[in-house]
Amino acid sequence: MFDRLTYGSGARSAPDSYDRTYDLRLDDGFGFSQGGFGFVSSMINGRLYPAVPTLEVREGDQVRVRIASRSVNDHPLHLHGHRVRVHSRGGEPATGSPWWTDTLNIAPGEDFEITFTADNPGIWMDHCHNFEHAANGMIMHLAYTGVSSPYSADHMPE
C-alpha cells in the first residue's frame, strides 16, 4: 500500500523551535448550524464557525500545527494561501521524501504534526473540503498581524 509518510527518501527532521504552535481537535457534538440545533460532525476545538478562534501569525513565523481527530468522519482540511509539510502521523516521523500539501485528509482517530512558514500575508480561510462539513461550521481563519478587512462574519460593509 502506498504511504506518503514513508515513500521515497530525503526527509529532514522537524525544526527544533517554532514561533507559533497551535493544537486543533476535530470532533463531533451538538451545536447551532445552518439555522438549527443538532448533532454535527464538523467542530474544531469544540466550536463551529464563526466561534472558532483565528490562528494569528506574523510574516516569517515558523508555525507548527498539531491536528487530532476524535470525529467519526474523514476531514480533508485545506489551508488557503500556504503549503504545509507533514512531519508525523500518529507520532511516527516522516521518513520518506518531504510531504508537502495544501489539503490533508485526517481520518477518524488520526493525528498529524504539520509545519509551514508564514510567507503570504493576508487573512486566509481554512476549512474542511467536505463541503457539508464546511457548511456546518468546520471553518477557521489564519490571519497575519497588521492585516485587516472591512468584512466580518456578522455584517458586510455598507
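In what follows, the structure referred to is the one given above.
A. Expanded view of the layout of surface pockets. Considering only enclosed or pocket space, the largest pocket measures out at about 290 Å³ in volume. If you go around the largest pocket, you meet 13 residues; those closest to its centre are Tyr49, His141, Tyr151, Ser152 and Ala153. It is strand β12 (residues 139-144) that provides the largest number of residues to the lining of the largest pocket, a total of three residues. For the second largest pocket, the calculated volume is near 180 Å³. As for the second largest pocket, its lining consists of 14 residues, of which Gln62, Trp100, Thr115, Phe116 and Thr117 are closest to the centre.

B. Broad picture of a nonpolar patch on the surface. Nonpolar side chains collect at one region of the surface, where Phe30, Phe32, Phe37 and Phe39 lie side by side and expose about 550 Å² of accessible area between them. When contributions to the nonpolar patch are tallied by element, the ones reaching two or more residues are β1 (20-33) and β2 (36-44). Within the element layout of this structure, Phe39 appears in strand β2. Take Phe39: its relative accessible area is 51%, and that puts it in the exposed class.

C. Seen up close, the pairing of strand β6 (residues 84-89). The element β6 is extensively covered by neighbouring structure, given that five of its six residues are classed as buried. Sheet topology places β6 next to strand β8 (residues 99-101); three bridges connect them, and they run antiparallel. Bridged to Val86 within β8 is Trp99. The pairing of β6 with strand β10 (residues 111-117) spans four bridges and is classified as antiparallel. Looking at the pairing, Arg85 lines up with Thr115 of β10. Relative to strand β7 (residues 92-93), β6 is paired through two bridges, and the arrangement is antiparallel.

D. The arrangement of the sheet that holds β12 in detail. Taken together, five strands build an open sheet; the order of strands is β3-β12-β11-β5-β9 and the sheet is mixed. Strands with a single pairing partner mark the edges of an open sheet, and in this sheet they are β3 (55-57) and β9 (103-106). Between one strand axis and the next, the sheet turns through 20 degrees on average, direction left out of account. As paired strands, strand β11 (residues 123-128) and β12 are joined by five bridges and run antiparallel to one another.

Cut-offs applied
- Residues numbered from 1 in each chain as written.
- Predicted model: local features only at pLDDT ≥ 70, side-chain atom pairs only at ≥ 80, totals over all residues.
- Heavy atoms only, no water.
- 1 Å grid on protein atoms, 1.4 Å probe; cavity = no way out; pocket = protein on both sides within 12 Å on 5 of 7 lines; lining within 4 Å.
- Points joined across faces, edges and corners; volume = space filled by probe spheres on them.
- Helix = DSSP H or I, 4+ residues; strand = E, 2+ residues; numbered from the N terminus.
- Patch = residues over 30% accessible without salt bridge, like charges linked within 9 Å, V, L, I, M, F, W, Y side chains within 5 Å.
- Areas by Shrake-Rupley, 256 points an atom, 1.4 Å probe, with all protein chains shown as cover.
- Salt bridge = Lys/Arg side-chain N within 4 Å of Asp/Glu carboxyl O.
- Buried < 20%, exposed > 50% of the residue type's maximum accessible area, 1.4 Å probe, protein only.
- Pairing = 2+ DSSP bridges.
- Axes fitted to C-alpha atoms, helices over the stretch in contact; angles between N-to-C directions.

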